[in-house]
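Each chain, letter by letter, is given below.
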Amino acid sequence: MSRQRTSAKPRKRSNRHVFKVLCAIALGACATHAQLNGASSGPDFGPGNPFYSPSTLPFHAPPFDRIKDSDYQPALDAGMAQQLAEVEKIADNPAPATFENTLVALEKTGQLLDRVNQAFNCVTSANTDPELQKVQEYEAPRLSAEQDEIYLNARLFARVKAIYDERASLHLDPESLRLVEYDYKLFVHEGANLSDADKARLKKINEEDSSLSDAFMTKLLAATKSGAYSTSDGAALAGLSEAEVSAAAQAAQERKQQGWVIPLQNTTQQPDLTFLTNRATRQTLFEDSWNRAEHGDANDTRGTIARLAQLREQKAGLLGFPNYAAWVLTDQMAKTPESALHFVDALVPASTAKAASEAQEIQAVLDAQHGGFALAPWDWNFYAEQVRKAKYDLDENQVKPYFELDSVLQNGVFYAARQLYGLTFKERHDIPVYQPDVRVFEVFDADGKPLALFYCDYFKRDNKNGGAWMDVLTTQSKLLGVLPVVYNVANFEKPAPGQPALITFDDVTTMFHEFGHALHGMFADTEYPSLSGTQVARDFVEFPSQFNEHWASYKEVFDHYARNYKTGAPMPAELAAKIKKAATFNQGYRLTELLAAAELDLQWHALAATAPLEDPDTFEKEALTRTRLWLAAVPPRYRSSYFLHIWANGYAAGYYAYLWTEMLDDDAFQWFEDHGGLTRANGDRFRRMVLSRGNTEDLAKMYSTWLGAEPSIEPMLKFRGLKDATDAK
Ligand SMILES: [Zn+2]
């Protein structure tokens, strides 16, 4: 099973933002309530705007065929004004606060804003352009201001608090009680208990944080694009397949450049480093990646992130927390930075010991070839591939013909969902999409009833954020009578026209991963939109997705989708066995680069509220040295200067969650294996007790009720092979 972690849900900046407003944080002194209100009566927003009324398409799908870039800004402004007016009405209600007239009423606010914002988040992440970026820059602080207007509304908070204080005597059902507690904590968390002066300070901090996050994202996109490796010397690309070389030629053409271009992926390591035989090329490509955002030019992100870290420290101090991580973790499963750091630190010795033994093995291959140099990070994947071939005789190009994207999707990802949950899928060509590569499927439940719409957008584009993610275009809610519309985005290499999309096993795993998130969204069966689907703690949200990865290598599923794209022949058993075996290879490196990224994140956000502005390069080196993770050949999966997750995508003090949830997903898969594996009974039970429940109960309790025990770290140690590494020492 692959352990590549390529996914996030980038636009979801914080899962604490109720009313489903995804884009968050901050107020400009300029964006007052009155001004926001004024926007709704602006001449730009009327029935001609495609967001004006709810979509009449199936599942209220966004009418992307009618939406122009210029429609977003007036609709966002009107949506904010409308929600604020709705909220004001609730706050001003002369009747005493009740659950219905306050919290249920709040759940119904902001439907226009959601409609626009969810489509807007989708296109600005997956298919942006300069006009959309401009709107994004303009609206980010206004959306934050809108959030603050709501959370820092003292009259509204008084009503929420009154309900919270009386909750024991209200005889609410469990989900409603959960909403009371959730909303109350949210207001307190956002500063509702602060003095007016401190509220104003918080608003200013939030505003700057939001603007800097967007600036970071814009700079990074530009830095990643301009950081691409380019050459006019064909010999430099020796080792790449014909398809990869022609993709590089096409990338150059698209940029109106001569020669060849290898665009950068968002991670430190680049896929082509596995195949490039020319060491100088490898070093240049690696350094292009490593230094992408540190050239001292307009796209250098270091100043931005240093200030972001400082702002977050100050915010935590204002809210009465010792550091930002402590503030973030209060509503997570881990609860405190100490427990998250302890969890990460505990994995370091076994992980780095395994990486060290892998490095020895690689150095031996290198020496046998009279390389005459010490292993560097740009050599790791190239020689690791040779070790793997020698040890497992497995060549990516040998297996790729068995992983044709459409077969993986329909005969693998969808097949597993049919076996486990009884789902069926029908492609729809009548639903408008935002880009021609996007495909849409209608999803039917076991009883034949429509369940959801699923969009997928798998190929890399220059105007798409890196990585892979899932998000929603509409959130399921029984209260609002809405079924979910969810989408998956990835960055797989687009084949030349007329060629099949042959992907790697890592890509296959990414598809299963993102679809695990999609299932969490599609199975949502909750009353209130704020508690629906994937709106759960960050150290829980990756559990359903990582759990779903396990089915990619489960024999029954694998045999069903892994078929030669030319002949339809199943993958020979011997080759399939090798893939499984090879998946345990290089786990020391993979875990160590993840741990390094997790440490960087936690340490940036564990700075004291009064800490000075840090120099990112110095800070990074010291943080990793302190935790025994500053390793010559194993750099962090993301460097601070291009760590999109933590600076702009809501994973601040939350990157450890990928590993935390790995504990859960391995543990859960072990349960399935112990109970008969891929069966409807197992799937339905998991759906009923976990996947459909969103955030309607305490997540630790939800998990242990389903499992019948507390989660154990043992299956994770087993699947990673860490126990052996420790024992061998
Ligand atoms: Zn994910």
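Residues numbered from 1 in each chain as written. Predicted model: local features only at pLDDT ≥ 70, side-chain atom pairs only at ≥ 80, totals over all residues. Heavy atoms only, no water.

### Some points on the confidence of the model for the chain
Note the following rule: The predictor attaches a confidence to each residue, and that confidence, scored 0 to 100, is pLDDT. Contact definition: two residues touch when any of their heavy atoms are within 4.5 Å.
Summary statistics for the chain give a mean pLDDT of 90 and a share of 93% for residues scoring 70 or more. The model gives residues 1-41 a pLDDT under 50, and that stretch makes 190 contacts with residues more than four places away or in other chains. Overall, residues 725-729 carries pLDDT values under 50, and its contacts beyond four positions in sequence, including any with other chains, amount to 5 contacts.

### Topic: the packing of helix α24 (residues 657-674) against helix α26 (residues 699-707)
Short version of the rule: Each axis is a line fitted through C-alpha atoms, and for a helix only the stretch in contact is used; angles between axes span 0 to 180 degrees, taken between their N-to-C directions. Only DSSP runs of H or I reaching four residues or more are called helices, and only runs of E reaching two or more are called strands; each is numbered from the N terminus. Just so you know how the angles are binned, under 35 degrees is roughly parallel, over 145 roughly antiparallel, 65 to 115 roughly perpendicular, and the rest oblique. In this scheme, a crossing is called left-handed if the near helix is turned counterclockwise away from the far one by less than a right angle; it is called right-handed if the turn is clockwise. Residues are sorted three ways: Asp, Glu, Lys and Arg are charged, Ala, Val, Leu, Ile, Met, Phe, Trp, Tyr, Cys and Pro are nonpolar, and all the rest, Gly among them, are polar.
Two elements in contact, α24 and α26, have axes separated by 11 Å at closest approach and are oriented at 20°. Comparing their axes, α26 and α24 come out roughly parallel. Crossing angle aside, the handedness with which α24 passes α26 is left-handed. In this structure, α24 contributes Leu 664, Asp 667, Ala 668, Trp 671 and Phe 672 to the contact, and α26 contributes Tyr 703, Trp 706 and Leu 707. For the contact of α24 with α26, the residue count by class is 7 nonpolar, no polar and 1 charged.

### Regarding the side chain of Asn 101
Selection criterion: Remark: exposure states derive from per-residue accessible area (1.4 Å probe, protein chains only) relative to the maximum for the residue type, with buried under 20%, exposed over 50%, and partly exposed in between. Any N or O atom pair separated by 3.5 Å or less is treated as a polar contact, with the protein-specific requirement of one donor-capable and one acceptor-capable atom, and with residues adjacent in sequence counted only for side-chain atom pairs.
Turning to its location among the elements, Asn 101 is positioned in helix α3 (residues 99-107). Here Asn 101 falls in the buried class, since its relative accessible area comes to 18%. In this structure the side chain of Asn 101 is engaged in a polar contact, spanning 3.1 Å, whose partner is the side chain of Arg 159. Sequence-distant contacts of Asn 101, that is, excluding residues within four places in its chain, are made with Ile 90, Asn 93, Ala 95, Pro 96 and Arg 159.

### Structural notes on the packing of aromatic side chains
Each aromatic ring pair is characterised by the separation of its centres together with the angle its planes make. Basically, it comes down to this: Any two of the Phe, Tyr and Trp rings considered here, Trp counted by its six-membered ring, make a pair once their centres fall within 6.5 Å; the pair's planes then place it as stacked at under 30 degrees, edge-to-face at over 60, or tilted in between. Any Lys NZ or Arg CZ that is within 6 Å of a ring centre and within 35 degrees of that ring's normal is treated as a charge sitting over the ring.
Throughout the structure, instances matching the rule amount to 56 aromatic pairs. Ring centres of Tyr 421 and Phe 523 lie 4.9 Å apart, and the angle between their planes is 70°; on these two criteria the pair is classed as edge-to-face. Of the two residues, Tyr 421 sits in helix α16 (residues 405-421) while Phe 523 sits in the loop between α17 (505-522) and α18 (538-549), which places them 102 residues apart along the sequence. The same class applies to Tyr 421 as to Phe 523, namely buried. Seen in terms of ring centroids, Tyr 554 and Phe 669 are 6.4 Å apart; in terms of plane orientation they differ by 90°. Their pairing is edge-to-face. On the criterion of sequence distance, the pair formed by Tyr 554 in the loop between α18 and α19 (555-561) and Phe 669 in helix α24 is long-range, its members being 115 residues apart. One aromatic cluster is present, built from ring pairs that chain together Phe 540, Phe 543, Phe 547, Trp 551, Tyr 554, Phe 669, Trp 671, Phe 672, Phe 686, Tyr 703, Trp 706 and Phe 719. Positioned over the ring face of Phe 382 is Arg 282, at 4.3 Å from the centre of the ring. Positioned over the ring face of Tyr 651 is Arg 538, at 5.4 Å from the centre of the ring.

### Digging into the nonpolar core
Rule in force here: Buried residues of nine kinds, namely Ala, Val, Leu, Ile, Met, Phe, Trp, Tyr and Cys, make up a nonpolar core once their side-chain atoms join them within 4.5 Å.
By size, the foremost hydrophobic cluster in this structure holds 163 residues, and its most contacted members are Phe 403, Phe 454, Phe 540, Trp 551 and Tyr 561. In contact with Trp 551, other than residues within four places in its own chain, are Ala 416, Leu 420, Phe 512, Val 557, Phe 669, Phe 672, Gly 677 and Leu 678. Counting 33 residues, the second-largest nonpolar core is a separate cluster that includes Ile 67, Ile 431, Tyr 434 and Tyr 455.

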